[in-house]
Amino acid sequence: MTLDSTLAWRQRLGGAKLPFVDSRIYTDPQIFQEEREKIWRRSWLLVLHESELAEALDFRTLSVADEPLIVVRGDDGKVRAFLNVCPHRGALLLREPAGNLQKANPSGSPRRISCMFHAWQFDSRGKCLSIPRRNAGYQTRLECEDVRLHEVACEVAYGGFVWVHLGENPAPLAEHMGSAFEALRPHLEAEPLEVFHHHKAIVRTNYKLWHETNSEFYHDYMHHFNRVTGMQQPGYYDRRYETFPNAHVTVSSMEVRYTAYEHDEHALANSRDLSFPGLERNGWKLLDLFPGATLNLRGSALRVDTMTPLSHDRVLIEFRGLGLKRDTAEERERRVRDHNTIWGPFGRNLPEDLLGVTGQGLALRTGSEGLHMLHGRIEDATIHDETGLRHYYEEWSRRLGRLASAPYGDESGPRAKEPARLPVFRGGVLAQ
Amino acid sequence: MSETAALRAPLEEAIQRGALQLDERRFGEFLDSTASDFRYRIQAYSHDLRKDMTFLDHDRAGIAALFELLPKHHVNGAEWLRQVSLQTVNRRGETSVESVSALSLFHTLIDAGDAHVDGGSSHLFAVGRYHDAFRLVDGRWLLSERTVRLHTRQLGIGSHLIP
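Along each chain, the written sequence defines residue order, and numbers are assigned to residues from 1. Each chain gets a letter, beginning with A, and each ligand a number, beginning with 1, in the order they are written. In keeping with the predicted nature of the model, local features appear solely for residues at pLDDT of at least 70, side-chain atom pairs appear and are counted solely at 80 or more, and the whole-chain, interface and lining totals rest on all residues.

### Observations concerning the domain arrangement of chain A
Residues and elements named next belong to chain A. Domain ranges listed in this record stem from an automatic or a database domain assignment. Per the domain assignment, the segments making up chain A are domain 1 (45–155) and domain 2 (179–394). Spacing between the C-alpha centres of domain 1 and domain 2 amounts to 35 Å. Contacts between the two partners involve seven residues from domain 1 and, on the opposite side, ten residues from domain 2. The element best represented in the side of domain 1 that touches domain 2 is strand E2 (residues 45–49), accounting for three residues. Grouping the constituent residues of the side of domain 1 that touches domain 2 by class yields three nonpolar, three polar and one charged. Our contact criterion uses C-beta atoms placed from the backbone: two residues qualify when those atoms are within 7 Å. Runs of E in the DSSP output that reach at least two residues are strands. Runs of H or I that reach at least four are helices, and both are numbered from the N terminus. Throughout, the ten residues Ala, Val, Leu, Ile, Met, Phe, Trp, Tyr, Cys and Pro are labelled nonpolar, Asp, Glu, Lys and Arg are labelled charged, and all others, Gly among them, are labelled polar.

This is the structure:
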């Protein structure tokens, strides 16, 4: 390493003219803890789709910001969310990833959420129904009426997706969304949707880097598929970003030319003619939602990414594919094939995206030297503009009270953190 | 020797040779051992959705295209090893047989992950079963259909290669 290269590494590319963030926002465990408290526990989060809870008493379990949750469709048809924790002694209530409460478990009766440990039982609305030998043990000191499951704010909206918020009395979901969903509303709310695909991956990277991948198209250079079906086709460079309050972003459509991908037998058979209501054939629209969900509507399939950050350098990403609930078997088969040819775990694009973001996770390690990560492409909000990234970090900085470009603020301030030390060279020789 | 035992030997040979061809990326040879109407699918039961999912579904031309286009895609570098155990064989007709084999798929990392730290380590990538159908054509048992039923649903970043 020479002095010149060291200085060049420390300097911002483009000097003060190019926006950037400090890469330590991805690598600092303390910042991750703050994100969990100030963002993930205080935001509406898309967690699943109502079609996963098609019948009364259907449930799903998941975790959000380290809180285990049950999302259940009650006997009254309403979808609710509860902490998946027994109020008695803190045991996990439901262990399966999904199911229906009609089925009794060994400790409880049908139609109830029963704790396996001491058999306390609750209904699908969170009400306590049974405490075994309550009179003998608690006499009049504890009644069933005193006990409830901890309910979490939950709404079903915007295409039938289920949203939760861990905060107490949060502002309505509509306030968080604003008008960001309007571009997709005609296609996703004309008729009911249904999930046909779900898989997940735990990726060694910071969650924001995945959201960034979903928020910029400059990385289409990585994808042979996207280059030939998108970048080299008319309309690609006309696609535009639109930003919305609360850091949501949409991208306008183009017609994807699937036939340009060599040997795409489905395209050659001209079978990619399924779409969504009101969406042009092989159209492509995208909505990125703060803090970490993406709705990617392309051709015949809607892909939805959601994230559960596990640590500063590990994230669980869930991938869903959706079609129309009324699909015939033949239509559904085509949507599934179209979706998974590109976005399945053995698809053309998804492994490349995940490979790219894993590489960032490997390069930017805990405690590694801060790097000026460029978010500086300004192209009138067209497809390679990085306005989506800049918009995200405006909100991120506001929520955390830290600038993404200077997360430690004034080095002499209360949040001072010793910046990573670079080797000092004098005359090309390591001085210390 | 029973009829089933007599059938097992050539099918076992075909399945094991096919696994080796895929391991060693001799895709042309693998395709040569498939019927002209070959269909290949990867499926899994989702305990999250409580329904079956199809991860990949291609005819012979589609699979051939995947192989041919590999050089144009970024592929996670690893050596693959398919451990296959033939479990059942059932004759369906004079010239058709179905079989089920258990599959364990290991990969040994080359550039997947940190090549310096992780390179050379072996990991279980997926487990599942091959549900195969064979057809006797000119004295050879050709693979006419393969459905890979995966138990594993966490597949890391996924793969451009097929199990």
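### Quick notes on the pairing of strand E4 (residues 67–73) of chain A
Residue and element names in this part refer to chain A. Counting buried positions along E4 gives five out of seven residues, so the element sits mostly inside the fold. Pairing between strands requires that DSSP locate at least two bridges from one strand to the other. The pairing of strand E3 (residues 58–64) with E4 spans six bridges and is antiparallel. Paired with Leu62 across the bridge in E4 is Leu69. Here E4 pairs with strand E5 (residues 79–83) via five bridges, running antiparallel. Note that in E5 the partner of Arg73 across the bridge is Val79. Hairpin connection, E4 to E5: the antiparallel pair is bridged by five residues, and Gly77 has positive phi, about 90°. Residues with at least 20 neighbouring C-beta atoms inside 10 Å of their own are called buried, those with 12 or fewer are called exposed, and the rest are partly exposed, where every C-beta is derived from the backbone.

### Quick word on the sheet that holds E4(A)
Residue and element names in this part refer to chain A. Strand order in this open sheet of seven strands is E2-E11-E10-E5-E4-E3-E6, and the pairing throughout is antiparallel. The open sheet has two edge strands with one neighbour each: E2 and strand E6 (98–100). Within the sheet, the average angular offset between the axes of one strand and its neighbour, ignoring direction, is 30°. The pairing of E5 with strand E10 (residues 151–157) spans two bridges and is antiparallel. Of the residues in E10, the one forming a bridge with Phe82 is Glu151. To define axes, lines are fitted to C-alpha atoms, for helices over the stretch in contact only, and angles between the resulting N-to-C directions are given on a 0 to 180 degree scale.

### Considerations on the interface of chain A and chain B
Listed per partner, the contact involves 30 residues of chain A and 31 residues of chain B. Contributing elements (two or more residues each) for the side of chain A that touches chain B: strand E12 (193–203), helix H10 (329–343) and helix H11 (350–363) of chain A. For the side of chain A that touches chain B, the element with the highest residue contribution is E12(A), accounting for eight residues. Its residues assigned to classes, the side of chain A that touches chain B comprises 15 nonpolar, eight polar and seven charged.

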